[in-house]
Amino acid sequence: MTSRHALRALSLAGALGLWQLLTAYDVDLWLRFDQFPTVTDVARAFGDRVGNGTYWQDLTDSLTRIVTGFVLAAVAGVAVGTAIARSRLAADLLGPVLEVLRPIPAIALVPVAILLFPSNEQGIVFITFTAAFFPVMVSTRHAVRALTPVWEEAVLTMGGGRARVLGSVVLPGALPGILGGLSVGIGVSWICVISAEMISGEYGVGYRTWQDYTVVDYPGVFVGMATIGLLGWLTSTAVEVLGRRLTRWLPRPAGDTVSRPRTRTPALRRAARPDSLRGGVAP
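Residues numbered from 1 in each chain as written. Predicted model: local features only at pLDDT ≥ 70, side-chain atom pairs only at ≥ 80, totals over all residues. Heavy atoms only, no water.

*Asks:* Can you explain the overall build of the chain? Please cite residues and give values.
*Replies:* Looking only at helices and strands, one finds 12 helices and 2 strands in the chain. Moving toward the C terminus, one meets the helices and strands of the chain in the order α-β-β-α-α-α-α-α-α-α-α-α-α-α. Going through the 283 residues of the chain one by one, you find that 33% of them count as buried. Once local pairs closer than 6 in sequence are excluded, the contacts in the chain between residues at least 24 apart make up 67%. Approximately 17500 Å² of the chain is accessible, and the part contributed by carbon and sulfur atoms is 66%. (Helix = DSSP H or I, 4+ residues; strand = E, 2+ residues; numbered from the N terminus. Buried < 20%, exposed > 50% of the residue type's maximum accessible area, 1.4 Å probe, protein only. Contact = heavy atoms within 4.5 Å. Areas by Shrake-Rupley, 256 points an atom, 1.4 Å probe, with all protein chains shown as cover.)

*Asks:* Please provide a residue-by-residue account of the environment of aspartate 58, values included.
*Replies:* Its place among the elements puts aspartate 58 in helix α3 (residues 53-86). Classification of aspartate 58 by relative accessible area gives buried; the value is 3%. Sequence separation of aspartate 58 and glycine 206 is 148 residues, and the distance between their C-alpha atoms is 8.5 Å. Residues within four places of aspartate 58 in sequence aside, it is in contact with Tyr203, Gly204, Val205 and Arg208.

*Asks:* Describe unusual backbone geometry, with residues and values.
*Replies:* Despite not being glycine, aspartate 26 shows a phi value in the positive range, around 50°. Looking at the element boundaries, aspartate 26 is found in the loop between α1 (2-24) and β1 (28-29). Residue aspartate 26 is classed as partly exposed on the basis of its relative accessible area of 45%. Backbone geometry places tryptophan 30, a non-glycine residue, at a positive phi of 70°. Within the secondary structure layout, tryptophan 30 lies in the loop between β1 and β2 (31-32).

*Asks:* Tell me what's going on with the nonpolar core, and back it up with residues and numbers.
*Replies:* One finds Leu98, Ile127, Phe133, Met137, Leu182 and Trp190 to be the most contacted residues of the largest nonpolar core, which totals 49 residues. Broken down by secondary-structure element, the contributors of at least two residues to this core are α2 (39-50), α3, α4 (88-101), α5 (110-116), α6 (120-145), α8 (162-200) and α10 (218-246). For this core, the element with the most residues is α8, which contributes 14 residues. The contacts of leucine 98, once residues within four sequence positions are left out, are Val80, Ile84, Phe133, Phe134 and Met137. (Core = buried A, V, L, I, M, F, W, Y, C linked by side-chain atoms within 4.5 Å.)

*Asks:* Run through the pattern of salt bridges, naming residues and quoting values.
*Replies:* What the rule picks out here adds up to 9 salt bridges. Here arginine 208 makes a salt bridge to aspartate 58, at a shortest N to O gap of 2.7 Å. Separated by 150 residues along the polypeptide, arginine 208 in helix α9 (residues 205-214) and aspartate 58 in helix α3 bring together distant segments of the chain. With relative accessibility at 23%, the residue arginine 208 sits in the partly exposed group. (Salt bridge = Lys/Arg side-chain N within 4 Å of Asp/Glu carboxyl O.)

*Asks:* Please give an account of the packing of aromatic side chains that cites residues and values.
*Replies:* Given two aromatic rings, one states the distance between the centres and the angle between the planes to describe the pair. Tallied over the entire structure, the rule returns 9 aromatic pairs. Counting every residue linked through ring pairs, the aromatic cluster contains Trp19, Phe33, Phe36 and Phe222. (Phe/Tyr/Trp six-rings, centres within 6.5 Å; stacked < 30°, edge-to-face > 60°.)

*Asks:* So what's going on with the packing of α3 against α4? Residues and values would help.
*Replies:* For the pair α3 and α4, the least separation of the axes is 7 Å and the interaxial angle reads 125°. When the axis of α3 is compared with that of α4, the two are oblique. Of the two elements, α3 crosses α4, and the hand of that crossing is left-handed. Seen from α3, the contacting residues are Val80, Ala83, Ile84 and Arg86; seen from α4, they are Arg88, Ala90, Ala91, Leu94 and Leu98. Of the residues in the contact of α3 with α4, the class split is 7 nonpolar, no polar and 2 charged. (Axes fitted to C-alpha atoms, helices over the stretch in contact; angles between N-to-C directions. Parallel < 35°, antiparallel > 145°, perpendicular 65-115°, else oblique. Left-handed = near helix turned anticlockwise from the far one by under 90°. Nonpolar A, V, L, I, M, F, W, Y, C, P; charged D, E, K, R; others polar.)

By themselves, these observations are geometric and do not establish any function.
Below you can see the structure in the form of C-alpha cells.
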C-alpha cells in the first residue's frame, strides 16, 4: 500500500509541476496558459484565504448544504426505489411522475426553488436533494428488482413476515447497488450545489468562486476550484469507506486489505494448529 500511495502522490506532484512549467513560461500553443496563475500564485492565495474567517464560513455553509440535501435524498431515494420495485401500486402512481422529472437537470430547477421556498438556503438544499435523489432511487429500484426470489421465499417459508423480508433480504441484498447510487449521487450533488451557489447563493464556496471571477481574481478562482475538488474527494471517500464497512461480507480483490476477514474459519484454525495439538504425529 505504501508504494501505491507514493505513486499517487507522484502523479499529483507531476501534474502540479507541469502546471507550474506551462504557466511560468506563458506557453501559448493553441491552449493558452499565459493568463493562468502559477501554482505558487494559487498557493499564496490559498494561504491568505485559510487565515480568513470568510473562507471557513463559506466552507461550512457548502458542507452543511451538501450533507443535509444528500442525507435527505439517500433516505427518500432508498424508500421510494424500494416501494416502486416491490409494489405495483407505487410503481403506477409514482413511476410516471418520476420518469418525467428525472431527465430535468437539477440546476434547471433554480427558478422553481426561488419561487417555491422562502429563502435561498432552503432552495439550494432542495436542488442538492433533487440531484442526489434520482441516482439513489434508480439504483435502489434496479437492485431490488434484481434480487432472486428464492431468498424471500425461504424467509416466508420459515414464518417471517414482510418486515423481516425487507430487513433481512431486500435491503441487505440490494445494498451494493444502493451504495453505487450513493457514490454517483454525492458527485452530482456537488456539481449542483456549487452551480446553485453561483446563481442564487449568498455564501458558500461556489458563490465565492464566482465573485472572484467577476473581479478578475484568477488565483482566488483556482483556490475555490481546489477547495471544491478537495471537499468532493473527502465526501466521496467517506461514502466509499462507509460502503466497505457495511458490505464486508462481499468478496474483495486479493489486494484489498480493508475487508479481509480478521478471523479464520474453524477448518483453517484446525489446519494451522501444530500436529501435537491436533493429537497426531507428523509423518
